[in-house]
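Examining the three-dimensional arrangement
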Amino acid sequence: MLLRDQLEQILRAWNEHELARSAPAVIDFDCHPQSRAAERAPIDRLTAYRALCSLREQTAAGDDPRLVSRIDAHLLYLRALMGERANLDDYIFGTQGCHALGWPESYIQDIGAVAREHLSDVGVGWNAETRDQLQRIELPIDAQDAPDAIRDAASEYEPQVRQLTGSSAPYSLGIETTTINAYWAYWTDGSGGNVRLRLNLREARFTQVQARQFALHEILGHGLQGASYAQRCAAGPVPWVRLLSVHTAQQVLLEGLGQALPLFAAPDDKQLATRVRVDHYTQLVRAALHIALNSGSSISQCADYARHRVPYWTDAEIADVLADRGADTLLRSYLWAYPAGIDWFVHLAQEPADVRRTVLQAAYSDPLTPDDLTALWPAGPAFGGHGRGAEKHPRFA
């Protein structure tokens with residue numbers, strides 16, 4: 001049996017264990033052409049760790065470096081789950097495939113200025129009321145109407161996204177609602193061509209613009225991408241692991257493109273562009289907090305920085321941002337994909353059409369890593385920043 005297939009068996013068995021204990025899933029999207037339950041009994045974390053170590057020992061220097069990196073990412077995550085706390089940059093690089101260097105404060109503020117210009121253009125100021133003002137002009141919709149609004153928006157943009165990406169993959173969409181205490185408002189997972197979108201009513205706010213934004217991000221981003229990978233797996237052999245996990249190196253692509261996709265698919269929609277530009281800025285602020293918290297800055301210092309940079313964030317939100325990035329083993333890795341990805345893809349959206357097309361079509365064919373994306377567009381910015389981030393800011397001293 002191929003080492004890749006052995007890895008997939010281990011991941012399925014470990015995934016069953018995590019689900020049984022109501023922990024985050026190991027498998028986020030199953031692209032295997034014969035998706036099925038684990039072929040072995042669930043295995044606990046230490047047993048999974050030992051099985052992966054054994055598999056890692058079977059790999060030689062000349063083996064597929066992608067497979068080696070994938071095994072190493074799972075081992076690093078498992079060690080973290082069992083209590084080991086790696087240096088942040090080592091942890092991010094080993095799981096997300098890019099460094100956690102951060103962005104200079106001057107760069108963050110330049111991106112913030114762009115966000116404020118976009119807000120001003122749609123009649124919204126930058127203050128404690130920014131979010132409420134934005135939601136009012138975007139025309140709120142009732143939570144019960146959100147699933148239909150998201151479906152309608154996905155149908156509207158689907159032809160354009162398929163043209164941009166070259167994807168012909170079919171998919172079916174199921175939308176569920178839940179109310180849980182978690183950072184996410186929307187979450188997509190799936191198997192093959194079956195895509196599930198969950199709406200967390202505790203966190204989600206619904207407007208017509210947000211319905212368009214999350215149709216692009218969750219359905220035509222994550223959902224269609226996963227279905228596209230599954231279609232390729234069904235058509236013939238692929239060299240990569242057919243089970244996607246958010247603590248591994250394709251996630252920077254998935255979250256980066258998902259957030260920035262409105263700039264590619266609906267470039268003339270000013271309200272959607274405003275959402276993306278604000279998200280770009282706030283993700284960089286979160287990244288600064290991510291680094292500072294893991295570099296010895298105090299909670300008070302981090303909270304002061306957050307309040308100063310994003311005036312409409314509440315204390316409860318700031319507390320969750322810090323806990324997610326400091327205390328949650330999965331999110332300490334996974335949430336870095338958002339700033340690292342959106343920064344790269346927002347810049348890509350400004351490139352000529354042939355450059356954009358090359359990257360987007362490759363991105364819907366294979367679950368690319370940051371190194372893969374850099375090879376496609378060498379002139380792009382460095383993933384994960386270029387150092388001298390906000391931990392050097394006086395507020396963090």
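Structure's up top.
All of these numbers come straight from a predicted model, not from anything done at the bench.

With that settled, the discussion passes to the packing of helix α3 (residues 65-81) against helix α4 (residues 88-96). Interaxial distance between α3 and α4 falls to 8 Å at its minimum, and their mutual angle equals 135°. By the angle class used here, α3 and α4 are oblique. Note on packing geometry: the crossing formed by α3 with α4 is left-handed. Contacts between α3 and α4 involve Ala73, Leu76, Tyr77 and Ala80 from the former and Asp90, Tyr91, Gly94 and Thr95 from the latter. When its residues are assigned to classes, the contact of α3 with α4 shows five nonpolar, two polar and one charged.

Turning to helix α5 (residues 105-121), a few remarks are in order. Each turn of an α-helix holds 3.6 residues, which means side chains three or four residues apart point in the same direction. For α5, spanning 17 residues, the distance from its first C-alpha to its last is 24 Å, which sits close to the expected 24 Å at 1.5 Å a residue. Taken as a whole, α5 has its buried residues at Glu105, Tyr107, Ile108, Ile111, Gly112, Ala115 and Leu119. Each buried residue of α5 sits inside an arc of 160° when the element is viewed along its axis, so together they form one side. The outward face of α5, more than 90 degrees from its buried face, is lined by the exposed residues Glu117 and Asp121. Buried positions along α5 lie against α6 (130-137), α10 (270-293), α11 (299-309) and α14 (337-348). Gly123 occupies a position one or two residues after α5 and carries a positive phi of about 85°.

On to α3, then. The terminal C-alpha atoms of α3 lie 24 Å apart, and with 17 residues this matches the ideal 24 Å at 1.5 Å per residue to within 8%. If you check which residues of α3 are buried, you get Leu67, Val68, Arg70, Ile71, Ala73, His74, Leu75, Leu76, Tyr77, Leu78 and Ala80. Looking at the buried residues of α3, the elements they touch are α1 (3-20), α2 (45-58), α4, β5 (243-244) and α13 (329-334). Measuring from the side-chain oxygen of the N-cap residue of α3 to the backbone nitrogen of Arg66 gives 2.9 Å; that N-cap residue is Asp64. At the C-terminal side of α3, Gly83 shows a positive phi close to 115°.

This paragraph deals with the side chain of Asn15. Looking at the element boundaries, Asn15 is found in helix α1. When near neighbours in sequence (up to four residues on either side) are disregarded, Asn15 contacts Ala25, Val26 and Ile27.

On to the nonpolar core, then. Judged by nonpolar contacts, the single largest core of 97 residues is most densely connected at Tyr186, Leu253, Leu257, Phe264, Leu289, Trp336 and Phe345. At 13 residues, the largest contribution of residues to this core is made by α10. The residues touching Phe345, leaving out its near neighbours within four places in the chain, are Val252, Leu253, Gly256, Leu257, Ala260, Phe264, Val359 and Leu373.

Before going further, it helps to examine the pattern of salt bridges. Counted according to the given criterion, the structure contains 20 salt bridges. Residue Asp72 pairs with Arg56 through a salt bridge whose shortest N-O separation is 2.7 Å. Of this pair, Asp72 sits in helix α3 while Arg56 sits in helix α2, and the two are 16 residues apart along the sequence. In this structure Asp72 comes out as partly exposed when scored by relative accessible area, which is 29%. Exposure remark for Arg56: the relative accessible area of 28% places this residue in the partly exposed category. The closest approach of N and O atoms between Asp366 and Arg232, which form a salt bridge, is 2.0 Å. In this pair, Asp366 sits in the loop between α15 (353-363) and α16 (370-376) while Arg232 sits in helix α8 (residues 208-235), placing the two residues 134 residues apart along the sequence.

What follows concerns the packing of aromatic side chains. Applying the stated criterion across every chain, the model contains nine aromatic pairs. With 5.9 Å between their ring centres and 70° between their planes, Tyr229 and Trp240 make a pair best called edge-to-face. With Tyr229 in helix α8 and Trp240 in the loop between α8 and β5, this residue pair connects regions lying 11 residues apart in the sequence. Residue Tyr229 is classed as buried on the basis of its relative accessible area, which comes to 1%. For the pair Trp344 and Trp377, a centre-to-centre distance of 5.0 Å together with 70° between the ring planes defines the contact as edge-to-face. Separated by 33 residues along the polypeptide, Trp344 in helix α14 and Trp377 in the segment after α16 bring together distant segments of the chain.

Glancing now at a negative patch on the surface. Taken together, the side chains of Asp142, Asp145, Asp148, Asp152 and Glu156 define an acidic patch exposed on the protein surface. Its place among the elements puts Asp148 in helix α7 (residues 146-165).

Judged by pairing direction, the sheet is mixed, and its five strands sit side by side in the order β2-β4-β3-β1-β5 without closing on themselves. Each edge of the open sheet is held by one strand with a lone partner, namely β2 (172-178) and β5. Across two bridges, the pairing between strand β1 (residues 29-30) and β5 is antiparallel. Following the sheet pairing, Phe29 is matched in β5 by Leu244.

This part covers the pairing of strand β3 (residues 186-191). The buried fraction of β3 is high, at five of six residues. Pairing between β1 and β3: two bridges, direction parallel. Bridge assignment links Phe29 to a residue of β3, and that residue is Gly190. Counting the residues that bridge the hairpin from β3 to strand β4 (residues 194-200) gives two residues, and of these Gly192 lies at a positive phi of roughly 60°.

What counts, and where the lines are drawn
Residues numbered from 1 in each chain as written. Predicted model: local features only at pLDDT ≥ 70, side-chain atom pairs only at ≥ 80, totals over all residues. Heavy atoms only, no water. Axes fitted to C-alpha atoms, helices over the stretch in contact; angles between N-to-C directions. Helix = DSSP H or I, 4+ residues; strand = E, 2+ residues; numbered from the N terminus. Parallel < 35°, antiparallel > 145°, perpendicular 65-115°, else oblique. Left-handed = near helix turned anticlockwise from the far one by under 90°. Contact = heavy atoms within 4.5 Å. Nonpolar A, V, L, I, M, F, W, Y, C, P; charged D, E, K, R; others polar. Expected span 1.5 Å × (residues − 1). Buried < 20%, exposed > 50% of the residue type's maximum accessible area, 1.4 Å probe, protein only. Arc of directions from axis to C-beta. Polar contact = N/O pair within 3.5 Å; in protein donor to acceptor, adjacent residues only side chain to side chain. Core = buried A, V, L, I, M, F, W, Y, C linked by side-chain atoms within 4.5 Å. Salt bridge = Lys/Arg side-chain N within 4 Å of Asp/Glu carboxyl O. Phe/Tyr/Trp six-rings, centres within 6.5 Å; stacked < 30°, edge-to-face > 60°. Patch = residues over 30% accessible without salt bridge, like charges linked within 9 Å, V, L, I, M, F, W, Y side chains within 5 Å. Areas by Shrake-Rupley, 256 points an atom, 1.4 Å probe, with all protein chains shown as cover. Lys, Arg positive; Asp, Glu negative; His and termini not counted. Charge placed at Lys NZ, Arg CZ, Asp CG, Glu CD. Pairing = 2+ DSSP bridges.

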